[in-house]
Amino acid sequence: MTLKPNSLEELWMPFTANKHFKQEPRLFVAAKGVYLKNHRGETLIDGCSGLYCIPAGHGRREIADAVHKQLLELDYSPPFQFGHPLQFEVARRIAALAPGDLDYVFFANSGSEAVDSAMKIALQYHRAKGQPQRTRFVCREKAYHGVNFGGTSLSGMVRNRETFGPLLAGISHMRHTRPPEHKFVMGQADTGADLADDLQRNVDLYGADTIAAVFIEPIAGSIGILPPPKGYLQKIRETCDKHGILMIYDEVITGFGRLGENFACQTFGVNPDMMTLAKAITNGVIPMGAVVANDKVYRTITDAGPAKGIELMHGYTWSGNPAACAASLAALEIYKSEDLFARAKKMTPYFLEQIASLREFGIVTDTRGIGLLGAVDFEPADGKPGLRGYEMLQDLFNNGLLARITYDTLILAPQFVCEQTHIDEIFDKTRAAIRRTMNRPQLRAVS
Ligand code: PLP
């Protein structure tokens, strides 16, 4: 089977090497379970749950049927000043999964929108408390918080920021949590909790009463899986509590079972005041994002609003749209009925052992992982950072594995429905690709 569009020219692809892609396209045309098919009819195993978003596997009929039924019953319901029952049910289910008093769910359509929504909610929270001068956000180097202007400003991945001007003012970055001494440490490092002192340094520098929130991914995902050192999140929490700063987790990747619990905050035992979600919220099949806020944040804002007036001037045409809600309910039902988060937890030690074993290759300069998230750094080739990674991406596509590549880092995030044989297949293909990159004549000089 060969399926190729008539023209590749007109589409401007996101985060893609457009010119080169159009010379050597990589298209998917079908997917079922843990496998995808490319435009040449070849099968690839999904080593990254799509883009960290399809833990229950591709082509789930329960979700497709639920969306189909919903579109015929109620295809659209305007979200401003009106509602439909499914939105309330998804919110109730997410609130039940979330710990503590993280009980209020605001819907968006992506992780980026969720992040920018959480920023606005944080600003309004402080205004409602009579502290409108709290406008600063503290975040981290190497973070990824999506691509809208708020999220880009929070992000700490240099290439995602550098071409877009001054971005938002009043944002400062703490150090990331992977110092050189953590090389090859899998899971949470024993040292490094003191990196959280950077928040206190921001307090000392700018004044606590200027800081609205600290924004962190519990595990920095897109840069290549940086788990927090032991005690780090606790320290951040303590500093936030001491100074009235909101703590916001970006759980767009870690939410819905990636670490074996519902959310990473439960794995680490440190609850935020808000968290952002997307991706697996619908098993990745319909765009949807959410902010989950605790009681304090929701009540402060709504109580301060007028009795019959809008309290938060923010929302999207498709906030909580019926088809996304139907997909989400069906996905949450699958996660529960198949006990998928527990399955993820059970597979984790084997998966992480495999990640750690890649250290045997001379070009591997670090391995990291936690839950069903693992990353391997390679020596750059030809003194050109990113070249080896890009070549591996193409090579893996041609040799049956979908993995995520960021610069010279390979990231794996298998689906929770994977059996051990699938994990073995993913690592057999990864090892074969590493051998090929080590043997390529044009790369051999540097390896
Ligand atoms: N936040 C985090 C932690 C993410 O990993 C991502 C995407 O990978 C986003 C936000 C942005 O999500 P989206 O691509 O749905 O806008």
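Every value quoted in this text rests on a predicted model; they were computed, and no experiment measured them. The numbers attached to residues start from 1 for each chain and follow its sequence in the written order. Side-chain atom pairs in this predicted model are given and counted only at pLDDT of 80 or more, local residue features only at pLDDT of at least 70, and totals for whole chains, interfaces and linings cover all residues.

1. Some words on the nonpolar core
No. 1: Among the nonpolar cores identified, the biggest contains 125 residues, and Val 214, Ile 248, Ala 290 and Val 292 are the most heavily contacted of them.
No. 2: Here this core takes nine residues from helix 12 (residues 322–337), the largest share from any one element.
No. 3: Residues lining this core come from more than one domain, with at least three contributed by each of domain 1 (18–56 + 339–444) and domain 2 (63–337).
No. 4: We call two residues in contact when their backbone-placed C-beta atoms lie within 7 Å. Every residue in contact with Val 214, bar those within four places of it in the chain, is listed here: Val 138, Leu 199, Ile 236, Cys 240, Ile 245, Met 247 and Ile 248. We call a set of buried Ala, Val, Leu, Ile, Met, Phe, Trp, Tyr and Cys residues a nonpolar core when their C-beta atoms link them within 7 Å. With C-beta atoms placed from the backbone, a residue is labelled by how many other C-beta atoms lie within 10 Å of its own: buried for 20 or more, exposed for 12 or fewer, partly exposed between the two. Each helix is a run of H or I in the DSSP string that is no shorter than four residues. Each strand is a run of E no shorter than two, and both are numbered from the N terminus. Each domain span listed reflects an automatic or database assignment of domains.

2. Looking at the sheet that holds strand 15 (residues 409–412)
No. 1: Two strands qualify as a pair provided DSSP detects at least 2 bridges between them. One open sheet accounts for four strands, arranged 11-12-15-14; its pairing is antiparallel. The sheet terminates laterally at strand 11 (364–370) and strand 14 (404–406), the two strands that pair on one side only. The mean inter-strand angle of the sheet, taken between neighbouring strand axes irrespective of direction, is 20 degrees.
No. 2: All axes here are fitted lines through C-alpha atoms, helices being fitted over the stretch that makes contact, and every angle between N-to-C directions spans 0 to 180 degrees. Strands strand 12 (373–378), strand 14 and strand 15 of the sheet are contacted by helix 14 (residues 387–398), whose axis makes an angle of about 165 degrees with strand 14.

3. Overview of the pairing of strand 3 (residues 43–46)
No. 1: Here strand 2 (residues 35–38) runs beside strand 3; their pairing, made up of three bridges, is antiparallel. Bridging across to strand 3, Tyr 35 finds its partner in Ile 45.
No. 2: Counting the residues between successive antiparallel strands, the hairpin from strand 2 to strand 3 contains four residues, one of them, Gly 41, with a positive phi of roughly 85 degrees.
No. 3: With two bridges joining them, strand 3 and strand 13 (residues 401–402) adopt parallel strand pairing. Each bridged residue has a counterpart across the sheet, and for Ile 45 the counterpart in strand 13 is Leu 401.

4. Some details on the site of the ligand
No. 1: Placing the C-beta atom from the backbone, one calls a residue near a molecule or strand if that atom lies within 6 Å of it. Within the structure, the ligand sits among 14 residues, and Ser 110, Gly 111, Ser 112, Gly 146 and Val 252 are positioned closest to it.
No. 2: Broken down by class, the residue content of the shell around the ligand amounts to five nonpolar, seven polar and two charged. Each residue is assigned to one class: nonpolar for Ala, Val, Leu, Ile, Met, Phe, Trp, Tyr, Cys and Pro, charged for Asp, Glu, Lys and Arg, and polar for all the others, Gly among them.

5. So, the environment of Ala 323
No. 1: Structurally, Ala 323 is set in helix 12.
No. 2: Setting aside chain neighbours within four positions, we find Ala 323 in contact with Val 67, Gln 70, Leu 71 and Ile 286.

6. Quick word on the packing of helix 13 (residues 340–357) against helix 15 (residues 420–439)
For any two helices packed against each other, the geometry comes down to the angle between their axes and how far apart the axes lie.
No. 1: The contact between helix 13 and helix 15 brings their axes to 11 Å, and the two run at 15 degrees. Accordingly, the angle class assigned to the pair helix 13 and helix 15 is roughly parallel. Both helix 13 and helix 15 take part in a crossing whose hand is right-handed. In contact with Met 347, Tyr 350, Phe 351 and Gln 354 of helix 13, helix 15 contributes Gln 420, Ile 423 and Phe 427.
No. 2: Broken down by class, the residue content of the contact of helix 13 with helix 15 amounts to five nonpolar, two polar and no charged. Just so you know how the angles are binned, under 35 degrees is roughly parallel, over 145 roughly antiparallel, 65 to 115 roughly perpendicular, and the rest oblique. The hand of a helix crossing depends on one turn: near helix anticlockwise from the far one by less than a right angle means left-handed, and clockwise means right-handed.

These results come straight from atomic positions and should not be treated as a statement about function.
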